[in-house]
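Structural description and commentary
If you want the building blocks of each chain, they are given just below.
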Amino acid sequence: MPSNDARTLLQTAVPTAVAGAVAVAVSAGVAGGKGAIGALVATLVVVLFMGIGLVVLQRTARSLPQLFQAMGLMLYTTQLLLLFVFVAAFKDTTMFNPKAFAITLVALTLVWIGAQTRAHMKAKILYVEPESDKAEKPKNTGSKS
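Because the structure is a prediction, the values reported are computed rather than measured.

1. A closer look at the overall build of the protein
Secondary structure assignment for the protein yields three helices and zero strands. Across the protein, helices and strands are ordered from the amino to the carboxyl terminus as α-α-α. By residue count, 28% of the 145 residues in the protein fall in the buried class. Residue pairs in contact within the protein that sit at least 24 positions apart in sequence constitute 73% of those at least 6 positions apart. Carbon and sulfur atoms make up 68% of the accessible area of the protein, which totals about 10,100 Å².

Have a look at this one:
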């Protein structure tokens, strides 16, 4: 993974993990141990889903740049649908507090998107390859007659 891609992943995953730790603490205080477990599971789901999506999107941008925008829209739509599926699948669970899970899932998804937006805005990505200072003139390889 190129350093710019790793930097973007780091700049999005760290704020999400920190917000997840805060959500675990708040959920533990509000809903007890089951709330903390729900927030922890939501944190893992968001970091895993969004992290995999970011890696897939970066690889697509590198190998198939013409599909980047369509792939990004499809990827985010799929991620949001999968997150809704997770919320629906675990709404009646007794393993953890489903409200803490759902609230943390939505909040961390927003944190991830905000951090990713910030990381992309701060990244210095060249849109055009600059001309080199040592512009060489093409050599005449043909015969001089």
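From this point, the narrative continues.
2. Section: the packing of aromatic side chains
Enumeration according to the criterion identifies five aromatic pairs in this entry. Ring centres of Phe 90 and Phe 101 lie 5.8 Å apart, and the angle between their planes is 75 degrees; on these two criteria the pair is classed as edge-to-face. Placement of the pair is Phe 90 in the loop between helix H2 (68–89) and helix H3 (98–122) and Phe 101 in helix H3, with a sequence separation of 11 residues. Ring geometry for Phe 96 against Phe 101: centres 5.1 Å apart, planes inclined by 40 degrees, an arrangement best described as tilted. The class for Phe 101 is buried, based on a relative accessible area of 1%. Joined through ring pairs, the aromatic side chains of Phe 49, Phe 86, Phe 90, Phe 96 and Phe 101 make up one cluster.

3. With respect to H2
Counted at 1.5 Å a residue, the expected span for H2 with its 22 residues is 32 Å, and the 31 Å between its end C-alpha atoms agrees. Considered for burial, the residues of H2 that qualify are Gly 72, Leu 75, Gln 79 and Leu 83. End-on, the buried residues of H2 take up no more than an arc of 70 degrees, which puts them together on one face. In H2, the exposed residues that point more than 90 degrees away from the buried face are Leu 73, Leu 81, Phe 84 and Ala 89.

4. Notes on the layout of surface pockets
When its volume is computed, the largest pocket comes out at roughly 430 Å³. Along the wall of the largest pocket there are 19 residues; nearest its centre are Leu 57, Gln 58, Ala 61, Phe 68 and His 120. Sort the elements by how many residues they give to the lining of the largest pocket and helix H1 (residues 3–63) lands first, with eight residues. Looking at the lining of the largest pocket, its residues break down into nine nonpolar, eight polar and two charged.

5. Observations regarding the confidence of the model for the protein
Within the protein, residue pLDDT values average 84, and 84% of them lie at 70 or more. Of all the helices and strands in the protein, H2 carries the lowest mean pLDDT, 86, while H3 carries the highest, 91.

6. Overview of the nonpolar core
Formed by 13 residues in total, the largest nonpolar core has its most connected members in Val 45, Val 46, Met 50, Leu 83, Phe 101, Leu 105 and Trp 112. When residues of this core are traced back to their parent elements, those giving at least two are H1 and H3. Examining the composition of this core, we find that seven residues originate from one element, H1, more than from any other. Setting aside residues no more than four positions away along its own chain, Met 50 makes contact with Gln 79, Leu 83, Thr 109 and Trp 112.

7. A short note on a nonpolar patch on the surface
A cluster of nonpolar side chains, namely Leu 10, Val 14, Val 18, Val 22, Val 26 and Val 30, defines an oily patch on the protein surface of about 560 Å² accessible area. Taking the relative accessible area as the measure of exposure, Val 22 reaches 48% and is therefore partly exposed.

8. Some remarks on the side chain of Thr 8
Checked against the element boundaries, Thr 8 lands in helix H1. When near neighbours in sequence (up to four residues on either side) are disregarded, Thr 8 contacts Leu 54, Gln 58, Ala 119 and His 120.

Cut-offs and rules
- Residues numbered from 1 in each chain as written.
- Predicted model: local features only at pLDDT ≥ 70, side-chain atom pairs only at ≥ 80, totals over all residues.
- Heavy atoms only, no water.
- Helix = DSSP H or I, 4+ residues; strand = E, 2+ residues; numbered from the N terminus.
- Buried < 20%, exposed > 50% of the residue type's maximum accessible area, 1.4 Å probe, protein only.
- Contact = heavy atoms within 4.5 Å.
- Areas by Shrake-Rupley, 256 points an atom, 1.4 Å probe, with all protein chains shown as cover.
- Phe/Tyr/Trp six-rings, centres within 6.5 Å; stacked < 30°, edge-to-face > 60°.
- Expected span 1.5 Å × (residues − 1).
- Arc of directions from axis to C-beta.
- 1 Å grid on protein atoms, 1.4 Å probe; cavity = no way out; pocket = protein on both sides within 12 Å on 5 of 7 lines; lining within 4 Å.
- Points joined across faces, edges and corners; volume = space filled by probe spheres on them.
- Nonpolar A, V, L, I, M, F, W, Y, C, P; charged D, E, K, R; others polar.
- pLDDT = per-residue confidence, 0-100.
- Core = buried A, V, L, I, M, F, W, Y, C linked by side-chain atoms within 4.5 Å.
- Patch = residues over 30% accessible without salt bridge, like charges linked within 9 Å, V, L, I, M, F, W, Y side chains within 5 Å.
- Salt bridge = Lys/Arg side-chain N within 4 Å of Asp/Glu carboxyl O.

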